[in-house]
Amino acid sequence: MDLHEAMEKLERERQELERALAQPEVTADSHRFRDLARRYAEIEPTVSLYREYQQALQDAAEAEGLLEESQDSEMREFLEQELATARDRTATLERQIMLSLVPRDPLEEKNALVEIRAGTGGDEAALFAADLLDMYTRLAERRGWQVEILDESPAELGGLREAVIKLIGRGAYGDLQLESGVHRVQRVP
């Protein structure tokens, strides 16, 4: 199946979802409505990209047609620039569409648990762990996630021996799934 066939299929699915979401029996069933609305929200950005892609293809075809007919050197130069821009745009949009068609990990939309532990380094490591907790808390605030502190062990000087927090919000796990391993700060005298 090529890109155009896949996108036409997705466009038909979007139209069917729109019709289904407008039906009273679907809106009455909250679970079904939620599932259909979630699927609609998943495919709508891809369909919008495809519409932009089609417009860029049309722009390229129009510029190419006008370029063949034009005799004026200034107009030809302008049309060549327009054609190059439209072709670049189609290539960019095609890559974005292909990436959006890759199936997403269903866990990406889940909540995340973050464990922060001060390693070796004494008070400096504890202060750095406290800074990390503050950083993740501010990130959660910016993303609109809730922060629930499950466990916290303070250290001297305002530091932190360890903390376990739960970040509650859409996409928390997906955004933080690669945040693993040892983070360290090294002070240079």
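To be clear, the structure that these remarks concern was listed above.
This section reports on the structure supplied with the text. Here the structure is a predicted model, which means the values were calculated and not measured. (Residues numbered from 1 in each chain as written. Predicted model: local features only at pLDDT ≥ 70, side-chain atom pairs only at ≥ 80, totals over all residues. Heavy atoms only, no water.)

1. Concerning the overall build of the protein
Phase 1 of the analysis: Along its length, the protein carries six helices and three strands.
Phase 2 of the analysis: Each helix (α) and strand (β) of the protein, taken in turn from the N terminus, gives the series α-α-α-α-β-α-β-β-α.
Phase 3 of the analysis: Over its C-alpha trace the protein gives a radius of gyration of 26 Å, far above what one expects of a compact globule, namely 16 Å for 189 residues.
Phase 4 of the analysis: Taken over the C-alpha atoms alone, the protein extends approximately 80 × 60 × 25 Å along its principal axes.
Phase 5 of the analysis: When contacts within the protein are restricted to residue pairs at least 6 apart in sequence, long-range pairs at least 24 apart make up 64% of them. (Helix = DSSP H or I, 4+ residues; strand = E, 2+ residues; numbered from the N terminus. Rg over C-alpha atoms; globule rule 2.2 N^0.38 Å. Contact = heavy atoms within 4.5 Å.)

2. A closer look at a negative patch on the surface
Phase 1 of the analysis: A cluster of like negative charges, contributed by Asp72, Glu74, Glu77 and Glu80, occupies part of the molecular surface.
Phase 2 of the analysis: Positionally, Glu77 belongs in helix α4 (residues 73–101). (Patch = residues over 30% accessible without salt bridge, like charges linked within 9 Å, V, L, I, M, F, W, Y side chains within 5 Å. Areas by Shrake-Rupley, 256 points an atom, 1.4 Å probe, with all protein chains shown as cover. Salt bridge = Lys/Arg side-chain N within 4 Å of Asp/Glu carboxyl O. Lys, Arg positive; Asp, Glu negative; His and termini not counted. Charge placed at Lys NZ, Arg CZ, Asp CG, Glu CD.)

3. Here's the deal with the pattern of salt bridges
Phase 1 of the analysis: A full pass over the atoms with the stated rule returns 15 salt bridges.
Phase 2 of the analysis: Residue Asp175 is joined to Arg143 by a salt bridge in which the shortest nitrogen-to-oxygen separation is 2.6 Å. Linking Asp175 in helix α6 (residues 172–176) with Arg143 in helix α5 (residues 122–143), this pair joins segments that are 32 residues apart in sequence.
Phase 3 of the analysis: Under the relative-accessibility criterion, Arg143 is labelled partly exposed at 45%.
Phase 4 of the analysis: Counted as one network, the salt bridges with shared partners bring together Glu11, Arg14, Glu18, Glu44 and Arg51. (Buried < 20%, exposed > 50% of the residue type's maximum accessible area, 1.4 Å probe, protein only.)

4. Quick look at α5
Phase 1 of the analysis: Spanning 22 residues, α5 covers 32 Å between terminal C-alpha atoms, matching the ideal 32 Å at 1.5 Å per step.
Phase 2 of the analysis: When we look at burial in α5, the residues that qualify are Ala125, Ala126, Ala129, Ala130, Leu132, Leu133, Tyr136 and Ala140. Relative to the axis of α5, the buried residues are bounded by an arc of 155° and lie together on one face. When the buried face of α5 is taken as reference, the exposed residues oriented beyond 90 degrees from it are Glu141 and Arg142.
Phase 3 of the analysis: Check the buried side of α5 and you find it contacts β1 (112–117), β2 (146–154), β3 (160–168) and α6.
Phase 4 of the analysis: Remark: Gly144 follows α5 within two positions and exhibits a positive phi of approximately 80°. (Expected span 1.5 Å × (residues − 1). Arc of directions from axis to C-beta.)

5. So, the pairing of β3
Phase 1 of the analysis: Pairing of β1 with β3, which is carried by six bridges, proceeds in the antiparallel orientation. The residue bridging Ala112 from the neighbouring strand is Leu167, located in β3.
Phase 2 of the analysis: Bridge count for β2 against β3 is eight bridges, and the pairing is antiparallel. Each bridged residue has a counterpart across the sheet, and for Pro154 the counterpart in β3 is Leu160. (Pairing = 2+ DSSP bridges.)

6. A closer look at the layout of surface pockets
By rolling a water-sized probe across the atoms, one finds the places where empty space is left.
Phase 1 of the analysis: Estimated volume of the largest pocket: approximately 700 Å³.
Phase 2 of the analysis: If you trace the largest pocket, you find 23 residues lining it, with Arg39, Glu42, Ile43, Ser100 and Arg104 closest to the centre.
Phase 3 of the analysis: For the lining of the largest pocket, the secondary structure elements donating two or more residues are α1 (3–21), α3 (30–69) and α4.
Phase 4 of the analysis: By residue class, the composition of the lining of the largest pocket is 11 nonpolar, two polar and 10 charged.
Phase 5 of the analysis: For the lining of the second largest pocket, the elements supplying multiple residues, two or more each, are β1, α5 and α6.
Phase 6 of the analysis: Considering only residue class, the lining of the second largest pocket consists of 14 nonpolar, seven polar and five charged. (1 Å grid on protein atoms, 1.4 Å probe; cavity = no way out; pocket = protein on both sides within 12 Å on 5 of 7 lines; lining within 4 Å. Points joined across faces, edges and corners; volume = space filled by probe spheres on them. Nonpolar A, V, L, I, M, F, W, Y, C, P; charged D, E, K, R; others polar.)

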